[in-house]
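A closer look at the structure
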Amino acid sequence: MSESGIEVAVVTGLSGAGRSTAAKCLEDLGWFVVDNLPPELIATMVELGVQARGAITKVAVVMDVRSRAFTEDLSSVIKDLDNRGYKPRVLFLEATDELLIRRFEHVRRGHPMQGDGRLIDGIKAERHLLTPLREEADLILDTTSLSVHQLRAKIEDAFGGAEEMQTRVTVLSFGYKYGLPMDSDLVMDVRFLPNPFWIPELREQTGLDNEVRNYVLTQEGAEDFLERYHELLRLIGAGYRREGKRYLTLAIGCTGGKHRSVAMSEELATRLSKEDGVAVKVVHRDLGRE
């Protein structure tokens, strides 16, 4: 972070090289992203972020050749921000002419600098115009051979902090009698375990009480389920992270969402919370409905 207490990034590069993907990734990382802001207003935007007193700590400005006097104004703005102590980082995205042509043809749009010429003419003109900015960039990413997920991973590595890089897991207990959770990514059924409801002294308690918790977790199959599901989640979580998915909702269900699902959700969350790079919270959707 700069001396001012706010981080500033400028995202620019060739049209079709992935600026939109970069902007969405930065938003997911907690950056305040402004697209195609006139260069002369960038410093004002950063100043407003500083005045927010902690509400905005990271500002990213996405710029392209649609802006008036793009290169001259932007270069001077970057130097001005640097002189003010903001130390902006410049991310430059590029790709080969062949790939850019395919991308423009795929979306059936013309190049912003094409005019009455051919698509390749617009690409070459933009590449020449952006040469000075490319030379000043802190990070240059060639997206020619990168998938969307690979591009996101590179941006996360460059601009994401430890907290933003965490996988945020919600373990959600529920009762099948009240319906499946609509926002769950994975659903597991723990009705294979004996129901404490039929134990008179446990009926009025919940999975948050030690007596019910101990009863559920000591049943045959409970520990095997937790160990194997935890191992499966390590595999799934690693795959989700490679695909850029940072939020995961795990639903654990029993009949009424009061005993078994609550106890098992709490125990699973405890185990997941010990994993590096994982932030866990527990939600008991139907607790209290019986």
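None of the values given here were measured: they were computed from a predicted structure. (Residues numbered from 1 in each chain as written. Predicted model: local features only at pLDDT ≥ 70, side-chain atom pairs only at ≥ 80, totals over all residues. Heavy atoms only, no water.)

Focus on the overall build of the protein chain
To be explicit about the condition: Only DSSP runs of H or I with at least four residues qualify as helices, and only runs of E with at least two residues qualify as strands; both kinds are numbered from the N terminus onward. The globule rule used for comparison is 2.2 Å times the number of residues to the exponent 0.38, while the radius of gyration itself is calculated over C-alpha atoms. Throughout this description, buried means an accessible area under 20% of the type-specific maximum (1.4 Å probe, protein chains only), exposed means over 50%, and partly exposed covers the range between. Only the protein chains shown count as covering a residue, and every accessible area follows the Shrake-Rupley method with a 1.4 Å probe. Here Asp and Glu are counted as negative and Lys and Arg as positive; His is not counted, and neither are the chain ends. Where a charge sits is defined by one atom per residue type, namely NZ (Lys), CZ (Arg), CG (Asp) or CD (Glu).
Looking only at helices and strands, one finds 10 helices and nine strands in the protein chain. Relative to the globule expectation of 19 Å for 290 residues, the C-alpha radius of gyration of the protein chain, 26 Å, shows a markedly less compact shape. For the protein chain, the C-alpha atoms occupy an extent of roughly 80 × 45 × 30 Å along the three principal directions. The proportion of buried residues among the 290 residues of the protein chain is 45%. Element-wise, carbon and sulfur atoms account for 49% of the exposed surface of the protein chain, whose accessible area totals about 15200 Å². One finds the centroid of the 38 positive side-chain charges in the protein chain at a distance of 3 Å from the centroid of its 46 negative side-chain charges.

Here we look at the packing of helix H9 (residues 222–242) against helix H10 (residues 260–272)
Formally: Fitting a line to C-alpha atoms yields each axis, with helices limited to the stretch in contact; the angle taken between N-to-C directions then spans 0 to 180 degrees. When describing relative orientation, an angle under 35 degrees is termed roughly parallel and one over 145 degrees roughly antiparallel, while 65 to 115 degrees is termed roughly perpendicular and anything else oblique. Handedness of a crossing is defined here by the sense of rotation of the near helix relative to the far one, left-handed for an anticlockwise turn of less than a right angle and right-handed for a clockwise turn. Contacts are assigned to residue pairs that have any heavy atoms within 4.5 Å of one another.
For the pair H9 and H10, the least separation of the axes is 11 Å and the interaxial angle reads 45°. Viewed along their axes, H9 and H10 adopt a mutual orientation that is oblique. For the pair H9 and H10, the sense of crossing is right-handed. Contact with H9, carried on its side by Ala222, Glu223, Phe225, Leu226, Glu227, Tyr229, His230 and Leu233, involves Met264, Glu267, Leu268, Arg271 and Leu272 of H10 and no other residues of that element.

Focus: the UniProt feature "binding site: GTP" (unreviewed entry) in the protein chain
What counts here: UniProt positions are given in the numbering used here, feature names are shortened, and annotations may be inferred rather than shown by experiment. Method remark: on a 1 Å grid restricted to protein atoms, a set of points is classed as a cavity if a 1.4 Å probe fits but cannot get out and as a pocket if it is open with protein on both sides within 12 Å along at least five of seven lines; lining residues have an atom within 4 Å of a point.
Annotation from UniProt places "binding site: GTP" (unreviewed entry) at Asp64, Val65, Arg66 and Ser67. In the annotated group above, the largest pocket draws its lining from Asp64 and Arg66. Its location among the elements puts valine 65 in the loop between strand S3 (58–62) and helix H3 (70–83). By relative accessible area, which is 16% here, valine 65 ends up buried.

Examining the sheet that holds strand S2 (residues 32–35)
For the record, the criterion: Whether two strands pair depends on DSSP finding at least two bridges between them.
What the five strands build is an open sheet, ordered S2-S3-S1-S4-S5; its pairing is parallel. Two strands lie at the open edges of the sheet, namely S2 and strand S5 (139–142), each paired on one side alone. Within this sheet the neighbouring strands show an average axis-to-axis angle of 20°, counted without direction.

Section: the layout of surface pockets
We count it as follows: Grid points are joined across faces, edges and corners, and a volume is the space filled by probe spheres set on the points. Under this grouping Gly is polar, as are all residues other than the nonpolar Ala, Val, Leu, Ile, Met, Phe, Trp, Tyr, Cys and Pro and the charged Asp, Glu, Lys and Arg.
Roughly 660 Å³ of internal volume is contained in the largest pocket. Sort the elements by how many residues they give to the lining of the largest pocket and helix H1 (residues 19–28) lands first, with four residues. The class makeup of the residues in the lining of the largest pocket is nine nonpolar, eight polar and six charged. Estimates place the volume of the second largest pocket at around 180 Å³. Lining the second largest pocket are 13 residues; nearest its centre among them are Leu233, Arg234, Gly237, Arg241 and Val278. Going through the elements one at a time, strand S6 (167–175), H9 and strand S8 (247–254) are the ones with two or more residues in the lining of the second largest pocket. Broken down by element, the lining of the second largest pocket gets its largest block of residues, five residues, from H9. Tallied by class, the residues present in the lining of the second largest pocket amount to six nonpolar, three polar and four charged.

Considerations on the nonpolar core
Applicable threshold: Residues enter a nonpolar core if they are buried and are Ala, Val, Leu, Ile, Met, Phe, Trp, Tyr or Cys, with the set joined through side-chain atoms within 4.5 Å.
Formed by 49 residues in total, the largest nonpolar core has its most connected members in Ile42 and Ile155. The residues contacting isoleucine 155, other than those within four sequence positions of it, are Ala22, Cys25, Leu26, Leu29, Leu91, Leu141 and Gly160. Val169, Ala222, Leu248 and Leu268 belong to the second-largest nonpolar core, a separate cluster that totals 23 residues.

Concerning the pattern of salt bridges
Note the threshold: By definition, a salt bridge exists where a carboxyl oxygen of Asp or Glu is found within 4 Å of a side-chain nitrogen of Lys or Arg.
With the rule as written, the count across this model stands at 16 salt bridges. Between arginine 89 and glutamate 7 there is a salt bridge, with its nearest N and O atoms 3.4 Å apart. Taken as a pair, arginine 89 in strand S4 (residues 89–94) and glutamate 7 in strand S1 (residues 7–13) lie far apart in primary sequence, 82 residues in all. Of the charged contacts, one joins aspartate 286 and arginine 285 as a salt bridge, the two residues approaching to 2.9 Å between their closest N and O atoms.

Considerations on the domain arrangement of the protein chain
We apply this condition: Those domain boundaries reflect an automatic or database domain assignment.
For the protein chain, the domain assignment lists domain 1 (7–159) and domain 2 (167–284). Using C-alpha coordinates to define each centre, domain 1 is positioned 43 Å away from domain 2.

Describing the packing of aromatic side chains
We count it as follows: Note on aromatic contacts: the rings of Phe and Tyr and the six-membered ring of Trp form a pair at centre separations within 6.5 Å, being stacked when their planes are under 30 degrees apart, edge-to-face when over 60 apart, and tilted otherwise. We call a charge positioned over a ring when the NZ of a Lys or the CZ of an Arg lies within 6 Å of the ring centre and within 35 degrees of the ring normal.
One pass over the full model with this rule turns up five aromatic pairs. Both rings, one in phenylalanine 192 and one in phenylalanine 225, keep their centres 5.7 Å apart while their planes meet at 55°; by these two values the pair is tilted. Placement of the pair is phenylalanine 192 in the loop between strand S7 (186–189) and helix H7 (200–203) and phenylalanine 225 in helix H9, with a sequence separation of 33 residues. For phenylalanine 225, a relative accessible area of 13% gives the class buried. Taking the centre distance of 4.9 Å and the plane angle of 90° together, the rings of phenylalanine 197 and tryptophan 198 count as edge-to-face. Through a chain of ring-to-ring contacts, three or more aromatic side chains come together here, namely Phe192, Phe225 and Tyr229. Cation over ring: arginine 191 sits above tyrosine 176, and NZ or CZ is 3.7 Å from the ring centre.

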